[in-house]
Amino acid sequence: MSALLGAVVAVGAGISAAQAAEEWRMAHKMPPDSPEGKVFQRFADLTEEYSGGKLKIKMYPNEQLGKTNAVMEQLKLGTVHLYAEGSTYMKKWVPEITWISAAFLFDDRDHWVRFMNSDMAKGWFEEASKQAGVGVLGDPTAIIRGPYRVMVANEDVRSYEDMKGLKLRMHPNKTAIATWTHLGAEVKTLAWTDVYQAIDKKIVGAVNSPIALVESMRFYEVAPHVVRHDEYYQSIGFMTNQAAYDKLAPELQDAVNRAYVDAGAYSHDIMGTAAEESIARMKEQGVTFVNIDRTPFVESMAQFYQDLESQGELPEGFLAMVEATRAPQ
């Protein structure tokens, strides 16, 4: 009898444990076996480990839940709990967020990270949380993307002067088009998936891209000159339904936060290694790599941003905060 009672108690405890486990839905665009996909899975695995199995993350890769706009709405509604993508997409609720990817404004990645953790940038994300109920986990720069930006060209581009008249593919973004027009390029807007053919047919001669995508998009086949310019710095925000996060018990919030920090460290390792291996393979195919001098770009864009500020087109105090977050000389 006692054995039977013990078995019943054990089964009951197992059911209670299963009922206690919470499951979150996490969406992203990448294949599971891509470097970014591996980072996201590491986060999910660590969340389950650190929570003692009380919180599980179910992954939906490859845009299974829809394109960005659709997923952002699901995130707002709470049918998706986490979305791993560039946090600039939150500009739909707070337009100022678009300026976190201002081109040739920040001295280096560390400068950008300091700005992103300033009261100004944090305030923009907090405002998005208030307006749409969508926040970001921890430091929004922790999960690296890229890990840096380059220009891929069909000409041997080596200096600022070489940008003059260069036919450059651009996405349909007013600020990005204005930026590269100011820098002397002849900008043409094209879909990302049309770039390879457009370069091959000499409709355009160059495209900006994270280094991680150059090989997979096969751009190097038609544009064998890769120029590192660090146009701007990128990360992957873990955007979250704020209400769902706030409802988590403190120990589960701690598990999520710990997993996020550790996944961030892992992203730097895996993205750096993947980029180095990709570059080595492309060099074997005769691709050239150049680190361009960013100084003329930065100097040229300084006046561009001053003009925008005088026209009232920048957030109030933005350039002052950029200056305040520079490293001491």
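The structure we're discussing is the one just above.
First things first, this report covers the structure right here in the doc. (Residues numbered from 1 in each chain as written. Predicted model: local features only at pLDDT ≥ 70, side-chain atom pairs only at ≥ 80, totals over all residues. Heavy atoms only, no water.)

1. A few points about the nonpolar core
Now for step 1: If you look at the biggest cluster of nonpolar residues, it comprises 55 residues, and the most contacted ones within it are M90, F115, W180, Y305 and F318.
Now for step 2: Within the residue set of this core, elements represented by two or more residues are α3 (68-77), α4 (109-116), α5 (119-132), β5 (149-153), β6 (167-170), α6 (174-182), α11 (295-310) and α12 (318-324).
Now for step 3: Of the residues forming this core, the biggest block, 6 residues, is contributed by α5.
Now for step 4: Ranked by size, the runner-up nonpolar core spans 28 residues in total, among them M59, L82, A142 and M271. (Core = buried A, V, L, I, M, F, W, Y, C linked by side-chain atoms within 4.5 Å. Buried < 20%, exposed > 50% of the residue type's maximum accessible area, 1.4 Å probe, protein only. Helix = DSSP H or I, 4+ residues; strand = E, 2+ residues; numbered from the N terminus.)

2. Notes on the pairing of strand β8 (residues 206-210)
The two faces of the sheet receive side chains in turn, since in a regular strand these alternate between them.
Now for step 1: Burial analysis of β8 places 5 of its 5 residues in the buried class, which makes it a mostly covered element.
Now for step 2: Covered by surrounding structure in β8 are A206, N208 and P210 together with V207 and S209, the residues of both alternating faces.
Now for step 3: Alignment of β5 against β8, held across 5 bridges, turns out to be antiparallel. Across the sheet, the residue bridging to V152 is V207, located in β8.
Now for step 4: Of the strand pairs in this sheet, β6 and β8 are connected by 2 bridges, and their pairing is parallel. Across the sheet, residue L168 finds its bridge partner in β8, namely A206. (Pairing = 2+ DSSP bridges.)

3. Points about the layout of surface pockets
Now for step 1: In this structure, the second largest pocket occupies an estimated 190 Å³ of space.
Now for step 2: Forming the walls of the second largest pocket are M116, N117, K122, F125, E126, S129, G135, V136, G138, P140 and Q242.
Now for step 3: Elements with a minimum of two residues in the lining of the second largest pocket: α5 and β4 (134-136).
Now for step 4: Per-element tally for the lining of the second largest pocket: the top contributor is α5, with 4 residues.
Now for step 5: Within the lining of the second largest pocket, the residues separate by chemical class into 4 nonpolar, 5 polar and 2 charged. (1 Å grid on protein atoms, 1.4 Å probe; cavity = no way out; pocket = protein on both sides within 12 Å on 5 of 7 lines; lining within 4 Å. Points joined across faces, edges and corners; volume = space filled by probe spheres on them. Nonpolar A, V, L, I, M, F, W, Y, C, P; charged D, E, K, R; others polar.)

4. Describing the sheet that holds strand β3 (residues 82-85)
Now for step 1: In spatial order, the strands read β2-β1-β3-β10-β4; together these 5 strands make up an open sheet with mixed pairing. Each having just a single partner strand, β2 (55-60) and β4 make up the two edges of the open sheet. Mean inter-strand twist for the sheet, computed between neighbouring axes without regard to direction, equals 30°.
Now for step 2: Judged from the 2 bridges that link them, strand β1 (residues 22-27) and β3 form a sheet pairing that is parallel. Across the sheet, the residue bridging to M26 is L82, located in β3. (Axes fitted to C-alpha atoms, helices over the stretch in contact; angles between N-to-C directions.)

5. Examining the side chain of H229
Now for step 1: Following the sequence through the fold, H229 ends up in the loop between β9 (225-228) and β10 (237-241).
Now for step 2: Assessed through its relative accessible area of 1%, H229 is described here as buried.
Now for step 3: Of the polar contacts made by the side chain of H229, one reaches the backbone nitrogen of E231; its length is 3.1 Å.
Now for step 4: In this structure, H229 is in contact with F104, R149, V150, M151, W180, N208, I292 and R294, ignoring residues within four places of it in sequence. (Polar contact = N/O pair within 3.5 Å; in protein donor to acceptor, adjacent residues only side chain to side chain. Contact = heavy atoms within 4.5 Å.)

6. Topic: α4
Now for step 1: Within the sequence span of α4, burial applies to R109, H111, W112, F115 and M116. For α4, the arc enclosing every buried residue in end-on projection is 160°, short of the 170-degree limit, so these residues lie on one face.
Now for step 2: Of the surrounding elements, those touching the buried residues of α4 are α5 and α12.
Now for step 3: Between the side-chain oxygen at the start of α4 and the backbone nitrogen of D110 there is a gap of 3.3 Å, and the oxygen is on D108. (Arc of directions from axis to C-beta.)

7. As for α11
Now for step 1: Helix length check: α11 (16 residues) gives 23 Å between terminal C-alpha atoms against 22 Å at 1.5 Å per residue, within 8%.
Now for step 2: Those residues of α11 that sit buried are F297, S300, M301, F304, Y305 and L308.
Now for step 3: Residues of α11 that are buried make contact with α6 and α12.
Now for step 4: Where α11 terminates, the next one or two residues include G312, which has phi positive at roughly 75°. (Expected span 1.5 Å × (residues − 1).)

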